[in-house]
Amino acid sequence: MKSFLALIILIFLTACINTRYYYYPENYKDNNISVSGNLVEFNNQNSPLNDIWILDLRDNYNEKHKAKILSSTIKINSNGKEYAINTKPDSDHIYVYDQGIIITGDFTAYIGKVQLDNGKIIDIPPLKFKKHIYVEKYNAVSDALNKGAQTKEIFSGTVEDYKKQKK
């Protein structure tokens, strides 16, 4: 009986937490493209930058669209060091980690021009990337007991803001 009661309490107190880290530029918004950075391990805050992705916002399931980086190299400044990163022709990704470059803090990227598949060329200014976090917390058991009222908590913002909020 005690083990059954302990099991019920454990299930009742169990909550699920989904956490994802990524980089996002603080100083850039565009209606045509989105720029973001992915980590090698998306759920590890200390994981290095894997790649920078440029997404054509017209892209969807029914109609594929792609941006391509026109520069053969881009520059990244991080912690007082400057790195030259080679890009692949016709790619919408800049692979940083694969080139042996480890970046774990905030950085500035000089990407230059990208071209959409409709021919439009966009000149991207220097982008200041900050590490962001997306946290989703919920408890399925308590949600069920609350007659469908979800108790999900969501945070999306910089890691710095998340740490301030938790204090």
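Everything numeric here is computed off the predicted structure, so don't read it as measured data. Throughout, residues of each chain are indexed from 1 in the direction in which the sequence is written. Per-residue local features are limited, in this predicted model, to residues with pLDDT of at least 70; the limit for side-chain atom pairs, both in listing and counting, is 80 or more; totals at the level of whole chains, interfaces and linings are taken over all residues. Side-chain numbers here rest on the full set of heavy atoms in the structure, without hydrogens or water.

Enquirer: Got a minute to help me understand the sheet that holds strand β9 (residues 112–116) in this structure?
Expert: As a general point, the strands of a sheet are linked pairwise by backbone hydrogen bonds and lie either parallel or antiparallel. A sheet is described by the order of its strands in space; here three strands give the open sequence β4-β9-β10, paired in antiparallel fashion. Edge positions in the open sheet fall to β4 (67–69) and β10 (121–124), since each of these has one partner strand only. Across the sheet, the mean angle separating the axes of adjacent strands is 30° when strand polarity is ignored. Criterion used throughout: strands pair if DSSP finds at least two bridges between them. The numbering of helices and of strands both runs from the N terminus, where a helix is a DSSP run of H or I of at least 4 residues and a strand a run of E of at least 2. Pairing between β4 and β9: three bridges, direction antiparallel. The residue bridging Ala67 from the neighbouring strand is Leu116, located in β9. Only the stretch in contact is used when a helix axis is fitted, and all axes are lines through C-alpha atoms; the angle between N-to-C directions ranges over 0 to 180 degrees.

Enquirer: It is not clear to me how the nonpolar core should be interpreted in this structure. Could you clarify?
Expert: A general feature of soluble globular proteins is that nonpolar side chains tend to end up buried together. Core analysis: the biggest nonpolar cluster contains 32 residues, and Val35, Ile52, Ile111 and Ile124 have the highest contact counts within it. Counting residues per element, this core draws most heavily on strand β11 (residues 127–138), at four residues. The residues touching Ile124, leaving out its near neighbours within four places in the chain, are Tyr28, Ile33, Val35, Ile54, Ile111, Gly112 and Val114. Side-chain atoms within 4.5 Å link the members of a nonpolar core, which is a set of buried Ala, Val, Leu, Ile, Met, Phe, Trp, Tyr and Cys residues. Each residue is assigned to one of three classes by its accessible area relative to the maximum for its type, calculated with a 1.4 Å probe on protein chains only: buried under 20%, partly exposed between the two thresholds, exposed over 50%. When checking whether two residues touch, look at their non-hydrogen atoms; a contact exists if any pair is within 4.5 Å.

Enquirer: Help me understand the environment of Tyr83 in this model?
Expert: Inspection of the secondary structure assignment puts Tyr83 in strand β6 (residues 81–86). A sequence separation of 18 residues divides Tyr83 from Ile101, and the C-alpha atoms of the two residues are 7.8 Å apart. When near neighbours in sequence (up to four residues on either side) are disregarded, Tyr83 contacts Ile74, Lys75, Ile76, Ser78, Ile101, Ile102 and Ile103.

Enquirer: Whenever I open this one, the packing of aromatic side chains confuses me. Can you help?
Expert: How two aromatic rings sit relative to each other is given by the distance of their centres and the angle of their planes. Only the six-membered ring of Trp is used, alongside the rings of Phe and Tyr, when aromatic pairs are assigned; centres must lie within 6.5 Å, and planes under 30 degrees apart are stacked while those over 60 apart are edge-to-face, with the rest tilted. Applying the stated criterion across every chain yields a total of three aromatic pairs. Aromatic side chains Tyr23 and Phe107 sit 5.0 Å apart centroid to centroid with 65° between the ring planes, which places their arrangement in the edge-to-face category. Here the residue Tyr23 occupies a position in strand β1 (residues 16–25), and Phe107 occupies one in strand β8 (residues 107–110), the gap between them amounting to 84 residues. Across the pair, exposure class does not vary: Tyr23 and Phe107 are buried alike. A connected cluster of aromatic rings, assembled from ring pairs, spans Tyr23, Phe107 and Phe129. One residue, Lys75, lies across the ring of Tyr110, its end atom 5.0 Å from the ring centre. Of note, Lys88 hangs over the ring of Tyr95, and the distance from its end group to the ring centre comes to 5.0 Å. The criterion is that NZ of a Lys, or CZ of an Arg, lies within 6 Å of the ring centre and within 35 degrees of the ring normal, and then a charge sits over that ring.

Enquirer: Can you help me understand the pairing of strand β3 (residues 49–56) in this one?
Expert: Looking along a regular strand, one sees the side chains alternate between the two faces of the sheet. Where strand β2 (residues 33–39) and β3 come together, seven bridges link them in antiparallel fashion. Bridged to Ser36 within β3 is Trp53. One ladder, built from three bridges, connects β3 with strand β7 (residues 93–95); its direction is antiparallel. Bridge pairing in β7 links Ile52 to Ile94.

Enquirer: I would appreciate a short explanation of the pattern of salt bridges in the present structure.
Expert: Side chains that carry opposite charge are capable of pairing whenever their charged atoms lie near each other. Throughout this description, the term salt bridge denotes a Lys or Arg side-chain nitrogen within 4 Å of a carboxyl oxygen of Asp or Glu. According to the stated counting rule, one finds six salt bridges in the structure shown. Arg58 serves as the salt-bridge partner of Asp117, at 2.6 Å between the closest nitrogen and oxygen. Here the residue Asp117 occupies a position in the loop between β9 and β10, and Arg58 occupies one in the loop between β3 and β4, the gap between them amounting to 59 residues. On the accessibility criterion, Arg58 (30% relative accessible area) is partly exposed. For the salt bridge of Glu160 with Lys130, the shortest nitrogen-to-oxygen distance reads 3.6 Å. Within this pair, whereas Glu160 is found in helix α3 (residues 159–166), its partner Lys130 is found in strand β11, the two being separated by 30 residues in sequence.

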